[in-house]
Amino acid sequence: MSWLFGYSAKPPQPPSDDTPADSGGAAASVAAPVTLSKSERKAMEAYRFDSSALERAAQAARELEKSRHAKEALELSKLQESTKQTEQMAKIKEYEAAIEQSKVEQKKVDYEERRKTLQEETKQHQMRAQYQDQLAKKRYEEQLVQNQAAQQEILKKQEESVAKQEAMRRATIEHEMELREKNKLKSIEAEARAKAKADRENRDITLEQIRLKASENRTTILESIKTAGSVMGAGLNALVTDWDKTLAAAGGLSLLALGVYTAKGATSVAARFIEARIGKPTLVNETSRFSILEAVKHPILTISKAVASFKKPSDALAGVVLAPNLERRLRDIAIATKNTRINKGFYRNLLMYGPPGTGKTLFSKKLAKHSGMDYAILTGGDVAPMGKDAVAAIHKVFDWANTSRRGVLLFIDEADAFLRKRSSERISEDLRAALNAFLYRTSDQSNRIMLVLASNTPQQFDSAINDRLDKMIEFGLPGIEERERLIRLYFDTFVLKPASEGKRRLTVDKFDYGALCSTLAARTAGMSGRALSKLGVAWQAAAYASDEGRLTEQMCIDICDDAVQDHRQKMEWLSAEEKTRSMMPYLLDLPPLDSTEQYTQSVKITEENDDNTPKKVHIKKATPKMTTKEIETDK
């Protein structure tokens, strides 16, 4: 339908230079100049008008009006025209979008170029700064080298000057000493010459003086001998002729000897009496018994002990955390000891054995206080260094203890140090004599002295010592329940109480203390009560050492892990002799630090039986994946 409006789908062909014959008179009358250029001809062609196209369009319009499809053709042409316009508009939009996209791309390229330019400039600045820094460092180093060289030169000159001055001073001193020596020699030579000359001149006088002195000494000695002989002769004559004087002389000599020996014996008895009632023996390291010398040295401590003695006796197990069966046995012993003192009966000797730090010394003090007795603490290691004086020291201890009216609980720690076997052990004669003296003083039961021995290796005791023991008590390492009670006790003593008092620089974060104590109890298997008490001290020290004086849960766990590692190292350091059958039950394998819950369950299984009776357990290997089937029970 493009022919209807005078245009065709094909591009219009440029008209030829020859004018058609039927183009009209106007076209024929105007002739194109031949001399026009190509551009001018194109401009002229743009203004030409083809009238034949209008005629054809008019004819087509008339034919179309006569056709019955004219209206549909018109509508169709309109639709085609609108469609083409829409397509043209879409192309225009696409072109505009392409232009905008090209602008954006151009901006990106410009930005990237600027960024690269800035990076390059920054890099150049950095390189320039580094180069300047290197130059400054190089200049500074050169300046330092120059200064150092100048200082070395100055020091060298100063050393040379000091050396010259020292050489001059030494030369001056040597010259002065040489002059003094010469003058001294000359003065000595002059004195010797003068003395020799005087001796030669006074020789006769000197010899005469010597002769006179010798004759006087001879006369004096002779007269003394004659006088002594006459006196002794007269005395002997008088004694022989007068028997009364003889008897008086003999009696005087006898009384003098008796006085000397009596004074010596009285002095020794008085010394023992004073030492027994006023002081304390040298072997006793600590005692609750009152003494005048201790009161003078420590008056405040003595007064506090005296005030505490008037209080009601406390429980023998107060502040002592042990296994239930062991607590039951110790409570029976405390009741029996108290009734024995009240009824003035004979005390029973005890042996407490087990690993160190399990509460043997603490219970002995509590037992003496609960029973109303005095206690005295000795150490077996103090006996051997005394040598020959050990026997006398042991006798003094027992004599001192026998003078007590309340009775004395004699606690000997590390008793195996001097009470070893005489048959298999190579001990010195002094130590053997001390052992014999101890056996002599403990041969009978006593109503004044209760003997308590403590040892980590009781198998080293002599058989005679074992015969003196009436009761043997094993202090084992605390189980998981005892460890939890101990950790709670020490956490309250060293952390919570100081924090609640407010007098010290100590605060505690808010966390579940009970859960923490349970967790730490599972992690500290094989540790003694003393080791757990050191945990409390370490927590307190860590809080004091922190910036804010605050103790956190993680700090408690970290300190506990460090203590567990130290304990493992100590167990590895034990020698083969120390890892004997008597010590093996206490050398438990510690759990891995990342498997606390599983190890807690395994420990509970090992410490309890079906009928709630105690049993000994041997664990093959403490691994994170250990189950109850891997635990061997030896009842």
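Note that the structure is a prediction, hence the values are computed from the model and not measured.

Asks: For the overall build of the protein chain, give the residues involved together with the corresponding values.
Replies: Broken down by element type, the protein chain carries 18 helices and 10 strands. Classification of the 635 residues of the protein chain by burial places 26% in the buried group. A total of about 44,500 Å² of accessible surface is found on the protein chain, and carbon and sulfur atoms cover 56% of it.

Asks: Could you give an account of the pattern of salt bridges, with specific residues and numbers?
Replies: Tallying each qualifying case throughout the model produces 17 salt bridges. Here Arg-211 and Glu-208 are joined by a salt bridge, their closest N and O atoms 3.6 Å apart. Of this pair, Arg-211 and Glu-208 both sit in helix H5 (residues 203-241), three residues apart, which is roughly one turn of the helix. In this structure Glu-208 comes out as partly exposed when scored by relative accessible area, which is 41%. Here Glu-548 and Arg-550 are joined by a salt bridge, their closest N and O atoms 4.0 Å apart. Residue Arg-550 is classed as partly exposed on the basis of its relative accessible area of 32%.

Asks: Quick one: what's the story with the packing of helix H16 (residues 529-545) against helix H17 (residues 553-573), residue by residue and with numbers?
Replies: Running from N to C, H16 and H17 point in directions that differ by 130°, and their axes come no closer than 10 Å. On the basis of the axis angle, H16 is oblique to H17. Pair H16 / H17 crosses with right-handed handedness. Two secondary-structure elements touch here, H16 through Leu-535, Ala-538, Trp-539, Ala-542 and Ala-543 and H17 through Met-555, Cys-556, Ile-559, Cys-560 and Ala-563. Grouping the constituent residues of the contact of H16 with H17 by class yields 10 nonpolar, no polar and no charged.

Asks: Which residues make up the confidence of the model for the protein chain, and what values go with them?
Replies: Scored by pLDDT, the protein chain has a mean of 78; 76% of the residues are at 70 or more. Contacts from residues 581-586, a stretch scored under 50 in pLDDT, to residues over four places away or in other chains number 10 contacts. Long-range and interchain partners of residues 588-635, a stretch whose pLDDT sits below 50, account for 66 contacts in this model, where long-range means more than four residues apart.

Asks: How would you explain the environment of Arg-530 if you had to name every residue and give the values?
Replies: Tracing the backbone shows Arg-530 in helix H16. Arg-530 sits in the partly exposed class, given a relative accessible area of 45%. In sequence terms Arg-530 and Thr-358 are 172 residues apart; their C-alpha atoms lie 6.8 Å from each other. Here Arg-530 is in contact with Pro-356 and Gly-357, once residues within four sequence places are set aside.

Asks: Residues and numbers for the sheet that holds strand E1 (residues 286-287), please.
Replies: Overall, mixed pairing links the six strands, which are arranged E1-E3-E4-E5-E2-E6 in an open sheet. This sheet does not close on itself; its edge strands, each paired only once, are E1 and strand E6 (471-474). Bridge count between E1 and strand E3 (residues 374-379): two bridges; the pairing is antiparallel. Bridging from a neighbouring strand, Thr-287 pairs with Ala-376 of E3. Its contacts with the sheet place helix H9 (residues 324-342) against strand E2 (350-353), strand E5 (449-455) and E6, and it is angled at close to 145° to E6. Together, E1, E2, E3, strand E4 (408-413) and E5 form the strand contacts of helix H10 (residues 360-371), whose direction differs from that of E4 by roughly 175°.

Asks: Before we move on, could you go through H16 and cite the residues and values that matter?
Replies: Along its 17 residues, H16 runs 25 Å from first to last C-alpha, staying within 8% of the 24 Å computed at 1.5 Å per residue. Every buried residue belonging to H16 is among Gly-529, Leu-532, Ser-533, Leu-535, Gly-536, Trp-539, Gln-540 and Ala-543, and all of these are buried. Viewed along the axis of H16, the buried residues span an arc of 145°, placing them on a single side of the element. Away from its buried face, by an angle of more than 90 degrees, H16 presents the exposed residues Lys-534 and Ala-545. Buried residues along H16 sit in contact with helix H14 (480-501), helix H15 (513-523), strand E8 (550-551) and H17.

Asks: Which residues make up the pairing of E5, and what values do they have?
Replies: Taking burial as the measure, the seven residues of E5 include seven buried ones, the bulk of the element. By the alternation rule, side chains of E5 split into Ile-449, Leu-451, Leu-453 and Ser-455 and Met-450, Val-452 and Ala-454, which are all buried. As defined by bridge partners, E2 adjoins E5 across four bridges and the pair is classed as parallel. When the sheet's bridge partners are listed, Met-352 is paired in E5 with Ala-454.

Asks: Describe the environment of Met-373, naming the residues involved and giving the relevant values.
Replies: Mapped onto the elements of the fold, Met-373 is located in the loop between H10 and E3. With residues up to four places along the chain from it excluded, the contact list for Met-373 reads Ser-288, Thr-337, Arg-341, Tyr-347, Ala-368, Arg-406, Gly-407, Val-408, Leu-409 and Met-450.

Asks: Which residues make up unusual backbone geometry, and what values do they have?
Replies: One non-glycine residue, Lys-344, lies in positive phi territory at about 55°. Here Lys-344 is to be found in the loop between H9 and E2. The phi dihedral of Glu-414 falls on the positive side, at around 50°, and the residue is not glycine. Mapped onto the elements of the fold, Glu-414 is located in the loop between E4 and helix H12 (429-441).

Asks: Break down the state of the cysteines for me, with residues and values.
Replies: Scanning all chains against the criterion turns up zero disulfides. Cysteine Cys-517 shares no disulfide, and the gap to the nearest cysteine sulfur, in Cys-556, comes to 8.6 Å. In this structure Cys-560 is not part of a disulfide, and its nearest cysteine sulfur, from Cys-556, lies 9.2 Å away. For Cys-560, a relative accessible area of 0% corresponds to the buried category.

Asks: Before we move on, could you go through the side chain of Arg-468 and cite the residues and values that matter?
Replies: Mapped onto the secondary structure, Arg-468 falls in helix H13 (residues 463-468). No salt bridge is formed by the buried Arg-468; the nearest opposite charge belongs to Asp-467, separated by 4.3 Å. Within the structure, Arg-468 has its side chain in polar contact with the backbone oxygen of Leu-439 (distance 2.8 Å). A distance of 3.4 Å separates the side chain of Arg-468 from the backbone oxygen of Thr-442, its partner in a polar contact. Not counting chain neighbours up to four residues away, the residues in contact with Arg-468 comprise Asn-349, Leu-439, Thr-442 and Ser-443.

Asks: Before we move on, can you summarise the packing of aromatic side chains with the specific residues and values?
Replies: By convention here, two paired aromatic rings are described through the distance between centres and the angle between planes. Across all of its chains, the model carries seven aromatic pairs by this definition. On the basis of an interplanar angle of 65° and a centroid distance of 5.9 Å, the ring pair of Phe-398 and Phe-438 is categorised as edge-to-face. Taken together, the residues Phe-398 in helix H11 (residues 390-402) and Phe-438 in helix H12 connect sequence positions 40 residues apart. When sorted by exposure, Phe-398 lands in the same class as Phe-438, which is buried. Taken together, the ring pairs in this structure connect Phe-491, Phe-511, Tyr-513 and Trp-539 into an aromatic cluster.

Asks: Any details on the side chain of Asp-416? Residues and values, ideally.
Replies: With respect to the helices and strands, Asp-416 occurs in the loop between E4 and H12. Within the buried set, Asp-416 has no salt-bridge partner at all; the shortest N-O distance to an opposite charge, 4.5 Å, is to Arg-420. With residues up to four places along the chain from it excluded, the contact list for Asp-416 reads Ser-455, Asn-456, Thr-457, Gln-460 and Phe-461.

Asks: Describe H12, naming the residues involved and giving the relevant values.
Replies: Over its 13 residues, H12 extends 18 Å from the first C-alpha to the last, a length consistent with the 18 Å expected when each residue adds 1.5 Å. Where H12 is concerned, the buried positions are Leu-431, Ala-434, Leu-435, Ala-437, Phe-438 and Leu-439. Where the residues of H12 are buried, they touch H11, E4, E5 and H13.

Calculation criteria
Residues numbered from 1 in each chain as written. Predicted model: local features only at pLDDT ≥ 70, side-chain atom pairs only at ≥ 80, totals over all residues. Heavy atoms only, no water. Helix = DSSP H or I, 4+ residues; strand = E, 2+ residues; numbered from the N terminus. Buried < 20%, exposed > 50% of the residue type's maximum accessible area, 1.4 Å probe, protein only. Areas by Shrake-Rupley, 256 points an atom, 1.4 Å probe, with all protein chains shown as cover. Salt bridge = Lys/Arg side-chain N within 4 Å of Asp/Glu carboxyl O. Axes fitted to C-alpha atoms, helices over the stretch in contact; angles between N-to-C directions. Parallel < 35°, antiparallel > 145°, perpendicular 65-115°, else oblique. Left-handed = near helix turned anticlockwise from the far one by under 90°. Contact = heavy atoms within 4.5 Å. Nonpolar A, V, L, I, M, F, W, Y, C, P; charged D, E, K, R; others polar. pLDDT = per-residue confidence, 0-100. Pairing = 2+ DSSP bridges. Expected span 1.5 Å × (residues − 1). Arc of directions from axis to C-beta. Disulfide = S-S within 2.5 Å. Lys, Arg positive; Asp, Glu negative; His and termini not counted. Polar contact = N/O pair within 3.5 Å; in protein donor to acceptor, adjacent residues only side chain to side chain. Phe/Tyr/Trp six-rings, centres within 6.5 Å; stacked < 30°, edge-to-face > 60°.

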